[in-house]
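Coordinate analysis (summary)
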Amino acid sequence: MGIRQKVKVRGGAAVAVAAVLALALAGCGGGAEKTKEPEKSATPQSQESGSPKPASSEAKGSAPLEVIATAQGPSGVLMEINSAARDQDGYLTVSGLIKNTGSSTFAQMATWRGDEKTASPGSIAGATVVDTAGKKRYYVLRDTEGRCACTTGLTTIKVGESVPFFAQYPAPPTTTTEIVFGLPSFTAATIKISG
């Protein structure tokens, strides 16, 4: 085998190995993802760690999502909660949209990450749910490296922009059908659990 043939084989093998690694990392759903900023469109996608993204039906041109609760934040920022779903694996995922209805770009998100300082900057890791009947508060799940199972990469929300969000928690007992969702600097919202 000539030198050119060996180089071609090695180059092809490197491409194949890179493709397999990329597929393996994508399949893991968490791994070593880089934090990315929200896209510049009217409804950017959220960064996540292994949980389904809340789909923004406004971006697809279909009917608006059902709003099950709202919470008022600072400077004209409004949170619309579209879903609080319990799954068979014992998790509860709350998702919705954060909208800037104010008159200027909003960038005061530091309090949203709660006590978390470095693992998930620009996140909503400070969001909690409270099972008032069971008298228990639940915090956003974290992976082994401390990254939250929630939306990350938030830097600014422009006037009129809507940003999808999600946060995943251990699910309360099945007897709990209603919870209170709270994100620092927003009013609390009582929501019903589905699933």
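Here's a quick rundown of the structure.

For the protein, the count of helices and strands is two helices and eight strands. Overall, the protein shows an N-to-C arrangement of helices and strands of α-α-β-β-β-β-β-β-β-β. With 195 residues in all, the protein has 39% of them scored as buried. In the protein, 63% of the contacts between residues at least 6 apart in sequence involve partners at least 24 apart. Only carbon and sulfur atoms are counted for the fraction: they give 57% of the accessible area of the protein, which is about 10,700 Å².

All right, on to the side chain of N82 then. Relative to the assigned elements, N82 resides in strand β2 (residues 77–86). The class of N82 is buried, set by a relative accessible area of 15%. One polar contact links the side chain of N82 to the main-chain carbonyl oxygen of E66, over a distance of 2.9 Å. What N82 contacts, discounting residues up to four positions off in sequence, is L65, E66, V67, I68, S95, G96 and L97.

Below, the discussion takes up the packing of aromatic side chains. Here the distance between the centres and the angle between the planes together describe a pair of aromatic rings. This model, assessed by the stated rule, comprises three aromatic pairs. When the centroid spacing of 5.6 Å and the interplanar angle of 25 degrees are considered together, the rings of F106 and W112 count as stacked. Among the residues examined, F106 registers a relative accessible area of 2% and is labelled buried. For W112, a relative accessible area of 0% translates into the label buried. Here the aromatic residues F106, W112 and F186 are joined through ring pairs into a cluster of three or more.

Before going further, it helps to spend a moment on the nonpolar core. If you look at the biggest cluster of nonpolar residues, it comprises 33 residues, and the most contacted ones within it are M79, I81, V94, W112, Y169 and F181. Every element with two or more residues in this core is listed here: β1 (69–72), β2, β3 (91–100), β6 (162–170), β7 (178–182) and β8 (189–192). Apart from the residues within four sequence positions on either side, V94 is in contact with I81, S83, A84, V129, F165, F166, A167, Y169, F181 and I191.

The subject of this paragraph is the side chain of D131. Its place among the elements puts D131 in strand β4 (residues 128–131). Polar side-chain contacts of D131 include one of 3.2 Å to the backbone nitrogen of A133. In contact with D131, not counting residues within four places along its chain, are K136, Y138, P172, P173, T176 and I179.

Moving on: the pairing of β8. Only one face of β8 is buried: it carries A189 and I191, and the other face, with T190 and K192, is open. As judged from the four bridges shared by β7 and β8, these two strands associate in the antiparallel manner. If you follow E178 over to β8, its bridge partner there is K192. Here β7 folds back onto β8 in antiparallel fashion, the turn holding six residues, of which S185 has a positive phi close to 80 degrees.

This part covers the pattern of salt bridges. Tallying each qualifying case throughout the model produces four salt bridges. Between D143 and R147 there is a salt bridge; the shortest N-O distance is 3.0 Å. Residue E145 pairs with R147 through a salt bridge whose shortest N-O separation is 2.7 Å. The network of salt bridges with common partners includes D143, E145 and R147.

A few words on the sheet that holds β8. A sheet is described by the order of its strands in space; here four strands give the open sequence β5-β4-β7-β8, paired in antiparallel fashion. On the outer flanks of this sheet lie β5 (136–139) and β8, each paired with one strand and no other. Neighbour-to-neighbour, the strand axes of the sheet open up by a mean angle of 30 degrees, direction not taken into account. As paired strands, β4 and β5 are joined by four bridges and run antiparallel to one another. Considered in β5, the bridge of T128 is made with Y139.

Parameters and conventions
- Residues numbered from 1 in each chain as written.
- Predicted model: local features only at pLDDT ≥ 70, side-chain atom pairs only at ≥ 80, totals over all residues.
- Heavy atoms only, no water.
- Helix = DSSP H or I, 4+ residues; strand = E, 2+ residues; numbered from the N terminus.
- Buried < 20%, exposed > 50% of the residue type's maximum accessible area, 1.4 Å probe, protein only.
- Contact = heavy atoms within 4.5 Å.
- Areas by Shrake-Rupley, 256 points an atom, 1.4 Å probe, with all protein chains shown as cover.
- Polar contact = N/O pair within 3.5 Å; in protein donor to acceptor, adjacent residues only side chain to side chain.
- Phe/Tyr/Trp six-rings, centres within 6.5 Å; stacked < 30°, edge-to-face > 60°.
- Core = buried A, V, L, I, M, F, W, Y, C linked by side-chain atoms within 4.5 Å.
- Pairing = 2+ DSSP bridges.
- Salt bridge = Lys/Arg side-chain N within 4 Å of Asp/Glu carboxyl O.
- Axes fitted to C-alpha atoms, helices over the stretch in contact; angles between N-to-C directions.

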